[in-house]
Amino acid sequence: MRREQGFTLIELLVAMAMFVFVMASVSTIFTSLLTQFKQQSRMGETQIEGVIGLEILRRDIKHAGFGLPWRMNGATYREAEAEAGGTPWVDRVFNDGPPDNPARGTDVAGASNAPGAIRSDNLGLYNSDVLVLKAANLAINGASQRWTRQGAGDVKRNGPPDDLYDPLSGDAFVSSDRVIVISPGSSDATRRGLVLSNDADPASWRTTYNATAAFAPAPLTSPDINIIYGIKQLPVGGGAVSATDPRMPFNRTEYYIKIPTSPMPNQCAGGTGILYRSELSHATGTHTGTEDPLLDCVADFQVVYTTNIAGVTGVAAEDYTNGLTAAQIRTQIRTVTVYILAQEGQKDPDFTFVPPTYTPAAPANSVRVGPLNSTTLGRDFNFATNGITDWQNYRWKVYTLTVSLENTG
């Protein structure tokens, strides 16, 4: 009789045990690799968001003051009517014109004053800063990116000066663009004054570009010129005058942290918000529908200025620019540095964040959001007291951006 060949029960049990052990080890390694992959992907996503968001912010700060009139010459306008949606601060404290704009030095409350290029205050989430910028070219539309010159006899160029004008790019003004006209002036008393097309009408600075028809007083003799800045583009299909004419002779953007009413991204630590960029609507005087998220999972946003005032090397944002006239902003502020405390990646239960040490030392559970060698500029952001949950299991980074102001003086 032939003997049967095969494995014993004990051999099968041993083989199965070894197989289960190997599979468990492989599964653990695979899970670890997958977790690390997700973490690195989230960190890469955060870094890309940071690069793009900071570049947009840098561009806006760089352009602050571009095309602003220094003298209103009797012109009137209205600015922010209401707050950005869901924000705790009153937007009108940043107004230079009605309604409810405060008095600043020689600027009278409730009057249409020359606009200041940059204003800020610590009114945002967890007393973070709100940064307000004003310039002709801050809006995202074709008209606000254009400017040209008006010479004697109302001679106008088609678009930006010839050395910048590319007819293939569509940079020329079109007849639906709303523009302002500014006279360079010949003295400190007349420099960069807003031109009215009708001295009896303080709202006649609102002008529609027309390459062939005369508008606004033109310079009388060559080589005098006026400068034309685009402010707003007419919506396709036209619309009512109130919806198409600019309410201000400039565009205004704001940067702030806000926790949205809709759910935050799943990877964000509890208590963090989103850094938003918003434009003030010319149609309504509000920010409704103009908010654009720039960076997720943000805990703090601080602004620091350097000035040319003797003995003053830096000043914090807290109510500094908000108390200056437009002329003081032009003559005093030289650089703006922004510090943003944001989360990198997602929650990692195996990671423990240790706040970096520096001199002067930060309080416990805090990260320095500002110059490391200062106790007055920026601040020490305390995760625990500001309600950031499980903050120890997240990686945190402070983005720093310094920009020189070129259009304010």
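Up top is the structure these notes are about.
Visitor: Explain the overall build of the protein chain to me, please; I cannot follow it from the model alone.
Guide: In terms of helices and strands, the protein chain carries three helices and 16 strands. In the protein chain, the share of contacts with a sequence separation of at least 24, taken over all contacts with a separation of at least 6, comes to 69%. About 19,500 Å² of surface is accessible on the protein chain, with carbon and sulfur atoms providing 58% of the total.

Visitor: Looking at this structure, how should I read the pattern of salt bridges?
Guide: Opposite charge on two side chains makes pairing possible when the charged atoms of those side chains draw close. Throughout the structure, instances matching the rule amount to 21 salt bridges. Notably, a salt bridge pairs D245 with R178, separated by 2.8 Å at the nearest N-O pair. Of this pair, D245 sits in the loop between α2 (241-244) and β9 (251-258) while R178 sits in strand β5 (residues 177-183), and the two are 67 residues apart along the sequence. Residues D380 and R368 are paired through a salt bridge, measuring 3.6 Å at the closest nitrogen-oxygen approach. Of the two residues, D380 sits in strand β15 (residues 379-382) while R368 sits in strand β14 (residues 366-369), which places them 12 residues apart along the sequence. Overall, D380 belongs to the partly exposed group, its relative accessible area being 29%. The buried category is assigned to R368, whose relative accessible area is 5%. In the salt-bridge network here, residues are joined through shared partners; they are E79, D91, D96, R104, R119, K134, R252 and E254.

Visitor: Is there a simple way to think about the side chain of T272 in this case?
Guide: Along the chain, T272 falls in the loop between β9 and β10 (273-279). What makes T272 buried here is its relative accessible area of 2%. At 2.7 Å, the side chain of T272 forms a polar contact with the backbone oxygen of A269.

Visitor: Got a minute to help me understand the pairing of strand β2 (residues 130-135) in this structure?
Guide: β2 sits mainly inside the fold: six of its six residues count as buried. Across the two faces of β2 the burial is the same, with V130, V132 and K134 and L131, L133 and A135 all buried. Inspection of the sheet shows strand β1 (residues 118-121) paired to β2 by four bridges, in the antiparallel sense. The partner of I118 across the bridge, within β2, is L133. For β2 and β9, the ladder comprises five bridges, and the chain directions are antiparallel. For L131, the partnering residue across the bridge sits in β9 and is Y255.

Visitor: Help me out: how do you make sense of the state of the cysteines in this one?
Guide: As used here, a disulfide is simply a covalent bond connecting the sulfur atoms of two cysteines. Taken as a whole and assessed by the stated rule, the structure comprises one disulfide. Disulfide pairing is shown between C268 and C297; the S-S distance is 2.0 Å. On the sign convention where negative is left-handed, the bridge of C268 and C297, at about -70 degrees about the S-S bond, is left-handed. On the criterion of sequence distance, the pair formed by C268 in the loop between β9 and β10 and C297 in strand β11 (residues 292-307) is long-range, its members being 29 residues apart.

Visitor: For this particular structure, what's the right way to read the nonpolar core?
Guide: In a soluble, globular protein the nonpolar side chains are often hidden away together inside. Judged by nonpolar contacts, the single largest core of 52 residues is most densely connected at L57, L131, F301, Y305 and I340. For this core, the elements supplying multiple residues, two or more each, are α1 (9-63), β2, β5, β8 (225-233), β9, β11, β13 (333-344) and β16 (395-404). Of all hydrophobic cores here, the second largest spans 16 residues; its members include V304, F353, L377 and F381.

Visitor: Help me understand the environment of N266 in this model?
Guide: With respect to the helices, strands and loops of the structure, N266 is situated in the loop between β9 and β10. For N266, a relative accessible area of 79% corresponds to the exposed category.

Visitor: Would you mind going over the packing of aromatic side chains with me for this structure?
Guide: With the rule as written, the count across this model stands at 14 aromatic pairs. Through a chain of ring-to-ring contacts, the aromatic side chains of Y126, F353, F381, F383, W391, Y394 and W396 assemble into a single cluster. In this structure, R330 packs its charged tip against the face of W70, placed 4.1 Å from the ring centre. A cation over an aromatic ring shows up here: R395 above the ring of F351, its NZ or CZ 4.1 Å from the ring centre.

Visitor: Whenever I open this one, the environment of Q150 confuses me. Can you help?
Guide: You can see Q150 is positioned in strand β3 (residues 147-151). With a relative accessible area of 0%, Q150 lands in the buried category. C-alpha of Q150 to C-alpha of I228: the two residues are 78 residues apart in sequence and 6.9 Å apart in space. Discounting chain neighbours no more than four positions away, the residues touching Q150 are V155, K156, V181, F215, A216, P217, A218, P219, D224, I225, N226 and I228. Within the local environment of Q150, its side chain forms a polar contact with the backbone oxygen of F215, the two atoms lying 3.2 Å apart.

Visitor: Would you explain unusual backbone geometry in this entry?
Guide: The phi torsion of most residues other than glycine is negative, and most of the peptide bonds are trans. In this structure, the amide linkage connecting P98 to the following residue, P99, adopts the cis form with an omega of 5 degrees. The backbone of D154 sits at a positive phi, close to 65 degrees, despite the residue not being glycine. Note that D154 resides in the loop between β3 and β4 (155-156). A positive phi is found at R192, a non-glycine position, where the angle reads about 50 degrees. Looking at the secondary structure, you find R192 in the loop between β5 and β6 (193-194).

Here is what the cut-offs are and how they apply
Residues numbered from 1 in each chain as written. Predicted model: local features only at pLDDT ≥ 70, side-chain atom pairs only at ≥ 80, totals over all residues. Heavy atoms only, no water. Helix = DSSP H or I, 4+ residues; strand = E, 2+ residues; numbered from the N terminus. Contact = heavy atoms within 4.5 Å. Areas by Shrake-Rupley, 256 points an atom, 1.4 Å probe, with all protein chains shown as cover. Salt bridge = Lys/Arg side-chain N within 4 Å of Asp/Glu carboxyl O. Buried < 20%, exposed > 50% of the residue type's maximum accessible area, 1.4 Å probe, protein only. Polar contact = N/O pair within 3.5 Å; in protein donor to acceptor, adjacent residues only side chain to side chain. Pairing = 2+ DSSP bridges. Disulfide = S-S within 2.5 Å. Core = buried A, V, L, I, M, F, W, Y, C linked by side-chain atoms within 4.5 Å. Phe/Tyr/Trp six-rings, centres within 6.5 Å; stacked < 30°, edge-to-face > 60°. Lys NZ or Arg CZ within 6 Å of the ring centre and 35° of its normal.

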